[in-house]
Amino acid sequence: MAADGGNASLQLPCVFSPKSRQYLALCAQDGRLRIWNTDSKTLHQEFVPSAHLSATCTCIAWGPCRTVKEGPQRKKRKSEAVQVEEKPDLLAMGTAAGSVLIYSTVKGALHCTLDGGHSGGVNCVQWHPEDSLLYSGSDDTNIVEWDLQTGKTRSKWKADRAAVTSLCVSPDGKLLLSAGQTIKMWDLETKEVYRKFTGHSTAVTTLCFATTRPPDSNGLYFLSGAAHDRLLSVWQVREDGKDKNSVVSFTLTDEPQHIDLVASNSKEEAVRLAVVCKDGQLHLFEHFLNGPCKKPLSSSCTVQMSDTKESPMPIPLLAAALGADTRTVLLAYGNHLQPVMEKVEINTAERHVCLTRDVQTSLSLSMETTVSKVKTPIVKANCRVLVPGLPGHQALVKGTSQGSEKRKKDTDTKEMSIAERLGEIDLSTVSIEKGAPKGMASLQTDNFAVLLVQGLESNDASILNKVLQTRKEMVIKKTVARLPLPAVLPLVEELTKRLQGHPFTAVLIVRWLKAVLMHHTSYLASLPDLVTKLGVLYHMIESRVKMFHKLTKLHGKLYLLTTQVATSDSSNTVSDVDHTAKLVYEEESSDEDEASGDEGLPENDSDHWEEEEAMEETVEDNKEEDEDDEDEDPDSRTEPKANGEEDMEHENESEEE
């Protein structure tokens, strides 16, 4: 078997082709499939899936080598027509969208796409060693058997309660190992469970058969590795069925990331194992599988790589393949975008081997040997180079006369570097056309979307302050709408950082955050790690909303106190009351007074009626005199008073009588 194809989705898949190890297939962070030639150490092919950003590649598995029949699309030379050999051709790629892509290295194009089998992301793919069948495990807990001749599902069954994270087909093609929460062995003819094993406490990322013996001979072994587990467990398939626990364990320095092994065909033959861990180290094992072993076995040799600087830094190993010789190992190290491949002879007698390599020189050598389609022009003195205008300009950019004179003095075949060409372009000497205003800037930087992207990439505080301090709603909405998708998440992180500052800045930042959520909610919802990215923002907003209720209560109490203090101060500073009457009521007729006076007299005074009549006559005479006085003085106020006094005197007299 080649390297395991069922890696976890967090790991970038990296697999050597079977048998000859001629090719190395890997998917980098940009979602592209790259196939490198290990002999020439150059890039052989590159394939960009149509949905390489939304449906990223999660796992890779090489198909069995076969003799490919050439179609009419590609003609062979006579020298190639004679060679008839099996070559690695088909490559299966599982995607996060639930589809499986089949890529042909001979055609250099997509062979077919297998859709409709899974409703969740594909975690692992495995080929049948003989038939044109493919098995895939997914997050939807199902295993699908694909028929590549028809491109449709042949069968589908539920494998576990949890997601299926790893698969492996036995060398004879009769058994299938699957791992979710537990490890199960399936009979491929009946699709029934043959055996169950305990498994690991975390998701199993690696399954591989270690021997090629039949299952009923007590000699069939397989090994498994899990995420966050520093042990490789070996399991034995026994006749009596008492095989739920592992029999052998191999100790590692970190969780296994890539495994290659040479299977054992008999008891006298040892199993050779090469394990690349997540920390970038390679562990080599050699062990005879003859039953249980209580103690965990350590590696016979550990290989580590570092650079040649003064303070050496480790170089991570990506994959390893064992050769026919016990000392030869094919290594791939560096990064996934530009890996370095090398065949190394390792002295297995030493327990720890450290290899020092200069990655920069090896990369430059490999880049020189690659076939490049970009031709660098040779600038001659008698040729005139036309420089196109910069983006945003309406006028052409002219080179300075001094630079052209210097170029003429140089030799004809001397090629100018990019730095020299950029130095010759003087942005200050821009020819201003008639319609252009004077003093126009040479570069147009009024596009806020471009400025925002530049500020986020360079982390320039001055640019970000200039853009984020705008208050116009339309400018904010248009800027966020024109923003490219890769810049949305850095913008949200920058807004979260600024939102934690002064409340005055938070008022401006909330407008940007509202615009981002209105325009890019669908993109943010498609991110797998959205909870971790927006967790800080969510908790901060939640804490501020909780405080807002308390602050409103405090604001209400303070408002009541201030209003009460203001009213008490205003009552203390009231001026003296004006005692002058604002309204005076005057009685017009005297008949009403007489009637009221008669009504108020007591009825039992009829004995002295003569005296009363005489007093009434005198009162009438006084009233007539008072009316004459009122004609002369209209503001007189003595009438009600005189009437009141007369009444009082009259009452006193009646009481004395």
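Throughout what follows, the structure given in this document is the object of discussion.

Procedures and definitions
Residues numbered from 1 in each chain as written. Predicted model: local features only at pLDDT ≥ 70, side-chain atom pairs only at ≥ 80, totals over all residues. Heavy atoms only, no water. Helix = DSSP H or I, 4+ residues; strand = E, 2+ residues; numbered from the N terminus. Buried < 20%, exposed > 50% of the residue type's maximum accessible area, 1.4 Å probe, protein only. Contact = heavy atoms within 4.5 Å. Areas by Shrake-Rupley, 256 points an atom, 1.4 Å probe, with all protein chains shown as cover. Lys, Arg positive; Asp, Glu negative; His and termini not counted. Salt bridge = Lys/Arg side-chain N within 4 Å of Asp/Glu carboxyl O. Polar contact = N/O pair within 3.5 Å; in protein donor to acceptor, adjacent residues only side chain to side chain. Core = buried A, V, L, I, M, F, W, Y, C linked by side-chain atoms within 4.5 Å.

Quick word on the overall build of the chain
Right, on to step 1. The helix and strand tally for the chain stands at 14 helices and 31 strands.
Right, on to step 2. Here the chain holds 657 residues, and 38% of them are scored as buried.
Right, on to step 3. Taking all contacts inside the chain whose residues are at least 6 apart in sequence as the whole, residues at least 24 apart take part in 51%.
Right, on to step 4. Surface summary for the chain: the accessible area is close to 40300 Å², and the carbon and sulfur share equals 53%.

Looking at the side chain of arginine 272
Right, on to step 1. Examined against the element boundaries, arginine 272 turns out to sit in strand β22 (residues 271–277).
Right, on to step 2. In this structure arginine 272 is buried but unpaired, with glutamate 286 as the nearest side chain of opposite charge at 5.5 Å.
Right, on to step 3. At 3.4 Å, the side chain of arginine 272 and the backbone oxygen of glycine 323 are in polar contact.
Right, on to step 4. Ignoring sequence-local partners within four residues, the contact set of arginine 272 consists of Asp260, Leu261, Val262, Phe285, Glu286, Leu322, Gly323, Ala324, Asp325 and Thr326.

Re the nonpolar core
Right, on to step 1. Leu452, Leu468, Leu491, Leu495, Leu499, Trp512 and Val516 are the most contacted members of the largest nonpolar core, which has 27 residues in total.
Right, on to step 2. Sorting the residues of this core by element identifies α5 (448–458), α6 (461–468), α7 (473–482), α8 (488–499), α9 (503–519) and α11 (530–572) as the ones contributing at least two each.
Right, on to step 3. Look past the residues within four positions of leucine 495 in its chain and what remains in contact with it is Leu468, Ile509, Trp512, Leu513 and Val516.
Right, on to step 4. Counting residues in hydrophobic clusters, the runner-up holds 20 residues, among them Ala274, Val276, Cys301 and Val353.

Describing unusual backbone geometry
Right, on to step 1. Although it is not a glycine, arginine 21 sits at a positive phi angle of roughly 55°.
Right, on to step 2. If you trace the backbone, arginine 21 turns up in the loop between β1 (14–16) and β2 (23–27).
Right, on to step 3. By relative accessible area, arginine 21 is classed as buried at 16%.
Right, on to step 4. A positive phi angle, near 55°, is found at asparagine 459, a position not held by glycine.
Right, on to step 5. Locating asparagine 459 in the fold gives a position in the loop between α5 and α6.
Right, on to step 6. Among the residues examined, asparagine 459 registers a relative accessible area of 55% and is labelled exposed.

Some details on the environment of threonine 165
Right, on to step 1. The topology assignment puts threonine 165 in the loop between β12 (152–158) and β13 (166–169).
Right, on to step 2. Put simply, threonine 165 and threonine 205 are 40 residues apart on the chain and 6.1 Å apart in space, counted from C-alpha to C-alpha.
Right, on to step 3. A polar side-chain atom of threonine 165 sits 2.5 Å from the main-chain carbonyl oxygen of valine 204.

Comments concerning the environment of lysine 19
Right, on to step 1. Of note, lysine 19 is situated in the loop between β1 and β2.
Right, on to step 2. Taking relative accessible area as the criterion, lysine 19 reaches 66% and is therefore assigned exposed.
Right, on to step 3. Separated by 67 residues in the primary sequence, lysine 19 and glutamate 86 have C-alpha atoms spaced 9.8 Å apart.

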